[in-house]
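An overview of the molecular structure
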Amino acid sequence: MSARIRIVSEQADHTTMLAYAAAVRARGHRVETLHPDVPDPDLSADLYLLKSRTPQAIRLAHRAEAAGAVVCNSADATALCVDRAAMAARAREAGVPFPPTHAFAGPDALAAPGRLILKSRHCRKDEPLPAVGTAAELRATGWPDEPVVAQAFADGDGWDHKFWAVGDRIFAGLRRPPTAEAAPAGKRTVPVPDPSAASLDVVRAVGAAFGLHVYGVDIIATASGPLVVDINAFPGLSGLPDAADALAALTGRLLTASPETPAHPGRTTVAAK
């Protein structure tokens, strides 16, 4: 049975999504990109892939859900991942290892103890790089006047352990963490031949706690085990082997299942360089 699929995104030429579109069209479905800022959008599709995470996109997703469509990821799950304070609260409530996180109206209000990692409260493409220091040091960084969160700093192994889940597939890799104190190392991903079972369990726990089907999890390897430091709803997936096919397979399951059916990530694939 042919289904109508819309990718809610500002970018119509994303490489992975173009490959995905070709894969689902080969299965007889119709797919097109829907810009979240389009006034009075047509909400008659069967499935919406919520690639964008802007407020406009989340509002559109709420409307699509109200119209009876399946939305991946749901509007509420996406909103949880956009607000880092809400993200931390949900993760810690669900027992996901996540650092204590304090929210402030702006950087001048920072007043948490110990060494901290300062981040924008609301995830967006142009947000400043994270900064590390004490509250007093971070107040002096010249950070933009915006809502922020301060995560308790934890020592890791010098890498961001990156995980991308697409339905029942988990892709894994390593990247050097960019910070405001040093030039970012770029987005080159180092393959992980055998990610730890503990990390994979944490990734699965994130998906269950947030009700996500397509998501990214940033983990640092601490002396006490994996610690989640960020969660992204519907990340880019660029450079991941078979990501488009995994997303196409997930589409088939979503079209024949309840919108509330959670993803259950299972197999692991090493990320491409």
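Below you will find a few notes about this structure.

1. Things to note about the pattern of salt bridges
Overall, the coordinates contain 12 salt bridges when judged by the stated rule. Here Arg-124 and Asp-126 are joined by a salt bridge, their closest N and O atoms 2.9 Å apart. The class for Arg-124 is partly exposed, based on a relative accessible area of 35%. On the basis of relative accessibility, which here comes to 59%, the residue Asp-126 falls in the exposed class. The partner of Arg-169 in a salt bridge is Asp-242, and the shortest N-O contact between them spans 4.0 Å.

2. A closer look at unusual backbone geometry
In this model, Cys-72 is joined to Asn-73 through a cis peptide bond whose omega is -5 degrees. Residue placement: Asn-73 occurs in the loop between β4 (70-72) and α3 (75-82). Positive phi is not limited to glycine here, since Phe-234 has a value of about 50 degrees. You can see Phe-234 is positioned in the loop between β13 (225-233) and α7 (243-255). With relative accessibility at 0%, the residue Phe-234 sits in the buried group. At Leu-237, a position not held by glycine, the phi torsion is positive, near 70 degrees. Position of Leu-237 relative to the elements: it lies in the loop between β13 and α7.

3. Digging into the environment of Ala-135
With respect to the helices and strands, Ala-135 occurs in helix α5 (residues 135-139). A residue is classified by how much of its surface remains accessible, and Ala-135, at 8% relative accessible area, is buried. Put simply, Ala-135 and Cys-81 are 54 residues apart on the chain and 24 Å apart in space, counted from C-alpha to C-alpha. Residues within four places of Ala-135 in sequence aside, it is in contact with Leu-110, Ala-111, Ala-112, Gly-114 and Leu-116.

4. Things to note about the packing of aromatic side chains
A full pass over the atoms with the stated rule returns zero aromatic pairs. We note Arg-115 situated over the ring of Phe-153; from NZ or CZ to the ring centre the distance is 4.4 Å. Positioned above the aromatic ring of Trp-159 is the side chain of Arg-176, whose terminal nitrogen or guanidinium carbon lies 3.6 Å from the ring centre.

5. Thoughts on the sheet that holds strand β6 (residues 116-120)
Pairing in this open sheet of four strands is antiparallel, and the strands run β5-β8-β6-β7 from one edge to the other. A strand with exactly one partner marks an edge of an open sheet, and here the two such strands are β5 (101-104) and β7 (131-133). Recorded for the sheet is a direction-independent mean angle of 25 degrees between the axes of neighbouring strands. Strand direction decides the pairing type here: β6 and strand β8 (residues 148-152), joined by five bridges, are antiparallel. Paired with Ile-117 across the two strands is Gln-151, which belongs to β8. Against the sheet, helix α4 (residues 84-93) engages β5, β6 and β8, with an angle of about 150 degrees to β5.

6. Some details on the packing of helix α1 (residues 15-26) against α7
In contact at an axis separation of 8 Å, α1 and α7 are set at 50 degrees when each is read in the N-to-C sense. Considered as vectors, α1 and α7 are oriented oblique to each other. With respect to the hand of their crossing, α1 and α7 are arranged in right-handed fashion. Listed contacts from α7 to Thr-16, Met-17, Ala-19, Tyr-20, Ala-23 and Val-24 of α1 are Ala-243, Ala-244, Asp-245, Leu-247, Ala-248 and Thr-251. By residue class, the composition of the contact of α1 with α7 is nine nonpolar, two polar and one charged.

Each value, and the rule that gives it
Residues numbered from 1 in each chain as written. Predicted model: local features only at pLDDT ≥ 70, side-chain atom pairs only at ≥ 80, totals over all residues. Heavy atoms only, no water. Salt bridge = Lys/Arg side-chain N within 4 Å of Asp/Glu carboxyl O. Buried < 20%, exposed > 50% of the residue type's maximum accessible area, 1.4 Å probe, protein only. Helix = DSSP H or I, 4+ residues; strand = E, 2+ residues; numbered from the N terminus. Contact = heavy atoms within 4.5 Å. Phe/Tyr/Trp six-rings, centres within 6.5 Å; stacked < 30°, edge-to-face > 60°. Lys NZ or Arg CZ within 6 Å of the ring centre and 35° of its normal. Pairing = 2+ DSSP bridges. Axes fitted to C-alpha atoms, helices over the stretch in contact; angles between N-to-C directions. Parallel < 35°, antiparallel > 145°, perpendicular 65-115°, else oblique. Left-handed = near helix turned anticlockwise from the far one by under 90°. Nonpolar A, V, L, I, M, F, W, Y, C, P; charged D, E, K, R; others polar.

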